[in-house]
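In case you want the letters, here they are:
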Amino acid sequence: MCLGVPGRVISVQGRVATVDFWGVRRDVQLHIIDEPVEPGDYILNHVGFAVRRIAPAEVERTVALFEELLAAQPGDLLAAEVRSQIGETDG
Amino acid sequence: MADAVHRLEFRNRDQVLRMASRLEQVVRRVGSPIAVMHVCGTHEQAIARFGLRDLLPAGLDVVMGPGCPVCVTDQPEVDEGVALARQGVVLATYGDMLRVPGTAGSLADARAAGARIEVVYSIVQAAELARQTAEEIVFFATGFETTAVTTAAVLCGEFPPNFSVLSAHKYIPPVMEIVAEMPDCRIQGFLAAGHAAAITGWGVFEAFAQHHRLPVVVAGFEPLDILSGLLVLCEAIAAGHTGVTNCFPRCVTREGNRVAQDVLWRAFRPIGGRWRGIAHVPNGNLRLRDTFAHVDARCRFNIDLTGLWQFAAPSLAASCICGDILAGRTTPAACDLFGNACTPTDPVGACMVSTEGTCRIWHEYGGRRSMGATP
């Protein structure tokens, strides 16, 4: 029940979006999302409600973040610049 | 890899192995065993399903805490649902709730005895049921804040007059305090659940991390999300660093989802209450505010529990160790009932019921080398 599932927005009709969950399409409520979504965006679905918009750029950046962690020297993972990239990437 | 990334799958084998190798270096550098806790059934599912424990270094113990909202729903709360259903209302709830043992039986038992209980995926379906009938529909609502916010969204919007809610919602941050305060607590850091933090924001853990002088890392649910979260958490432990680090920036910000928070706290207030197997958790339960009394099943109906108390509790439950498992003190491997008298089709304890319960997950994905180990 508590599973959050990401999907990609196909279309938006008012406060309901049709979302593709990699083959399965479902309607998802947009009542509690904090920014507008449009086709092509990802959303995090939780029991039929979108709780977060995931911008496509954030998805691309995730891979870079993993590589940055792997590239950091042992013991340097908490260096200021890495921390700021991990922790302060609000928005 | 690009296709997988576009399905939001972060499972690249090469990166996973390099991440695991880095994790081993850190744990070796610390030189003594490290124990960390996550508080989310979705984390445990991913760890078990992808076999991640087999990749973890020997000195690192990743324990599941009270992260299954269904499992920690206390018997009296289940009793309220059972009593209401037996009183003749139609009870709608999530499928996980059906087999959770109450004092005298589960919702599934009540349904077998003739009570009307409907399984729904979302509260939206429960409200839709109410639109199609004149009967009273009560939605038995469980789940942490991520689920509670969807209940709040419906109650702050439009719904039919024959619809009400019985809330057993729970709030995660207070129970982390309880676990950290346990006298035998060996947990040195927490992996916080990314989906709950998507609502509350990672800032909600700052006071906790400061007060208990522990590191907290917010992590997502793909294999690389979890391994990178563990890596940063172990680095923090190695460096003696406390504070909150957000390793799930694609979904979590410091402030969280303000719109959802407004809706959540407009409908609910936190009150203290028992979590099954854990303790009385101050501010750990979410109850509807007085302004929502007209849709609160506890106000709308006289829930009569006396009829349930003539039955004795199941005798096997006395040797159930779900409480210790929920508190992260032990694992299903230490339970004599696990896989024997207690199975998903015939559960004794709550952890075997929900797909987010530790026992259920271990039963489903068992056979991993590391699952046989007790801490």
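Residue and element names in this part refer to chain B. One open sheet holds the five strands; their spatial order is β2-β1-β7-β8-β9, and the pairing between them is parallel. One side of each edge strand has no neighbouring strand; the edge strands of this open sheet are β2 (60–64) and β9 (243–246). Each neighbouring strand pair of the sheet contributes to a mean axis angle of 25 degrees, computed without reference to strand direction. The sheet contact formed by strand β8 (residues 215–219) and β9 spans four bridges and is parallel. Bridge pairing in β9 links V217 to T245.

Okay, the pairing of strand β10 (residues 268–275) of chain B next. Residue and element names in this part refer to chain B. Bridge count for β10 against strand β11 (residues 279–288) is seven bridges, and the pairing is antiparallel. Within β11, the residue paired with R269 across the bridge is R287. Hairpin remark: β10 followed by β11, antiparallel, with three residues in the connecting loop; positive phi at G277, about 80 degrees.

What follows deals with the interface of chain B and chain A. Tallying the contact residues gives 62 residues for chain B and 47 residues for chain A. Taken as a group, L8(B), R22(B) and R250(B) account for 13% of the area that chain B buries against chain A, more than any other trio of residues on that side. Taken together, chain B and chain A are joined by one salt bridge. Where R18(B) meets E67(A), a salt bridge forms, and the shortest distance between an N and an O atom there is 2.7 Å. At the surface where chain B touches chain A, the tally comes to 16 residue pairs in polar contact (both at pLDDT 80 or more). Considering only residue class, the side of chain B that touches chain A consists of 30 nonpolar, 20 polar and 12 charged.

Right, let's get into the pairing of strand β5 (residues 137–141) of chain B. All names here are of chain B. The element β5 is largely enclosed, with a buried count of five among its five residues. Burial of the side chains of β5 extends over both faces: I137, F139 and A141 are buried on one face and V138 and F140 on the other. Summarising the sheet, β5 and strand β6 (residues 163–167) pair through five bridges and their orientation is parallel. Bridged to F139 within β6 is V165.

All names here are of chain A. For chain A, per-residue confidence averages 83 on the pLDDT scale, and 78% of positions sit at 70 or higher. Of all secondary-structure elements in chain A, the lowest mean pLDDT belongs to helix α2 (residues 80–87), at 48, while strand β2 (residues 16–21) reaches the highest, 96. Residue range residues 87–91 is modelled with pLDDT below 50. Its contacts to residues more than four positions away, or to other chains, number 14 contacts.

Residue and element names in this part refer to chain B. A full pass over the atoms with the stated rule returns eight aromatic pairs over all chains. Look at F144 and W275: their rings are 6.0 Å apart centre to centre, the planes differ by 25 degrees, and that puts the pair in the stacked class. In this pair, F144 is assigned in the loop between β5 and α7 (145–155) and W275 in strand β10, connecting sequence segments 131 residues apart. Take F144 and W275: they sit in the same class, and that class is buried.

Another aspect to go through is helix α12 (residues 258–267) of chain B. All names here are of chain B. Among all positions of α12, only A260, Q261, V263, L264 and A267 are buried. Considered in projection along α12, the buried side chains sweep an arc of 165 degrees and stay on one side of the axis. Facing away from the buried side of α12 by over 90 degrees, the exposed positions are R258 and D262. Lining the buried residues of α12 we find α7, α9 (194–200), β10 and β11. With a side-chain oxygen positioned 3.2 Å from the backbone nitrogen of V259, the residue opening α12 is N257.

What follows deals with the layout of surface pockets. A water-sized probe, rolled over the atoms, reveals where empty space remains. As a volume, the largest pocket reaches approximately 500 Å³. Around the largest pocket, the lining is made up of 25 residues, and of these G4(A), P6(A), R11(B), R49(B) and E222(B) lie nearest the centre. Within the residue set of the lining of the largest pocket, elements represented by two or more residues are β1 (4–13) of chain A together with α3 (41–49) of chain B. The dominant element in the lining of the largest pocket, judged by the number of residues it contributes, is α3(B), at four residues.

Residues and elements named next belong to chain B. Strand order across the open sheet formed by four strands is β4-β3-β5-β6, with parallel pairing between neighbours. With one partner strand each, in any of the chains shown, β4 (117–120) and β6 form the two edges of the open sheet. The average angle at which neighbouring strand axes cross in this sheet is 30 degrees, direction not considered. Of the strand pairs in this sheet, strand β3 (residues 90–94) and β4 are connected by four bridges, and their pairing is parallel. Within the sheet, the bridge partner assigned to L91 lies in β4 and is I117. The strands touched by helix α4 (residues 75–86) within the sheet are β3, β4, β5 and β6, with β5 carrying the most contacts at an inclination of about 165 degrees. Contacts between α7 and the sheet are confined to β3, β5 and β6, with β6 contributing the most and set at about 155 degrees to the helix.

Residue and element names in this part refer to chain B. What the rule picks out here adds up to 22 salt bridges over all chains. For R29, the salt bridge identified is with E235, shortest N-O distance 3.0 Å. With R29 in helix α2 (residues 13–30) and E235 in helix α11 (residues 223–239), this pair connects stretches of sequence that are 206 residues apart. Two residues, E77 and R287, come together in a salt bridge whose shortest N-O distance is 3.5 Å. Separated by 210 residues along the polypeptide, E77 in helix α4 and R287 in strand β11 bring together distant segments of the chain. Each member of the salt-bridge network shares a partner with another, and the members are R7, E9, R11 and E222.

The next thing to look at is the packing of α2(B) against α11(B). Residues and elements named next belong to chain B. As a packed pair, α2 and α11 sit with axes 9 Å apart at the nearest point and diverge in direction by 20 degrees. What the angle tells us is that α2 and α11 run roughly parallel. Seen from above, α2 lies across α11 with left-handed handedness. Within the contact between the two elements, α2 uses Q15, V16, M19, R22, L23, V26, V27, R29 and V30 and α11 uses P223, L224, L227, S228, L230, L231, C234, E235 and A238. In the contact of α2 with α11, the residues fall into 13 nonpolar, two polar and three charged.

Cut-offs and rules
- Residues numbered from 1 in each chain as written.
- Chains lettered and ligands numbered in written order.
- Predicted model: local features only at pLDDT ≥ 70, side-chain atom pairs only at ≥ 80, totals over all residues.
- Heavy atoms only, no water.
- Pairing = 2+ DSSP bridges.
- Helix = DSSP H or I, 4+ residues; strand = E, 2+ residues; numbered from the N terminus.
- Axes fitted to C-alpha atoms, helices over the stretch in contact; angles between N-to-C directions.
- Contact = heavy atoms within 4.5 Å.
- Buried area = accessible area lost by both parts, 1.4 Å probe.
- Salt bridge = Lys/Arg side-chain N within 4 Å of Asp/Glu carboxyl O.
- Polar contact = N/O pair within 3.5 Å; in protein donor to acceptor, adjacent residues only side chain to side chain.
- Nonpolar A, V, L, I, M, F, W, Y, C, P; charged D, E, K, R; others polar.
- Buried < 20%, exposed > 50% of the residue type's maximum accessible area, 1.4 Å probe, protein only.
- pLDDT = per-residue confidence, 0-100.
- Phe/Tyr/Trp six-rings, centres within 6.5 Å; stacked < 30°, edge-to-face > 60°.
- Arc of directions from axis to C-beta.
- 1 Å grid on protein atoms, 1.4 Å probe; cavity = no way out; pocket = protein on both sides within 12 Å on 5 of 7 lines; lining within 4 Å.
- Points joined across faces, edges and corners; volume = space filled by probe spheres on them.
- Parallel < 35°, antiparallel > 145°, perpendicular 65-115°, else oblique.
- Left-handed = near helix turned anticlockwise from the far one by under 90°.

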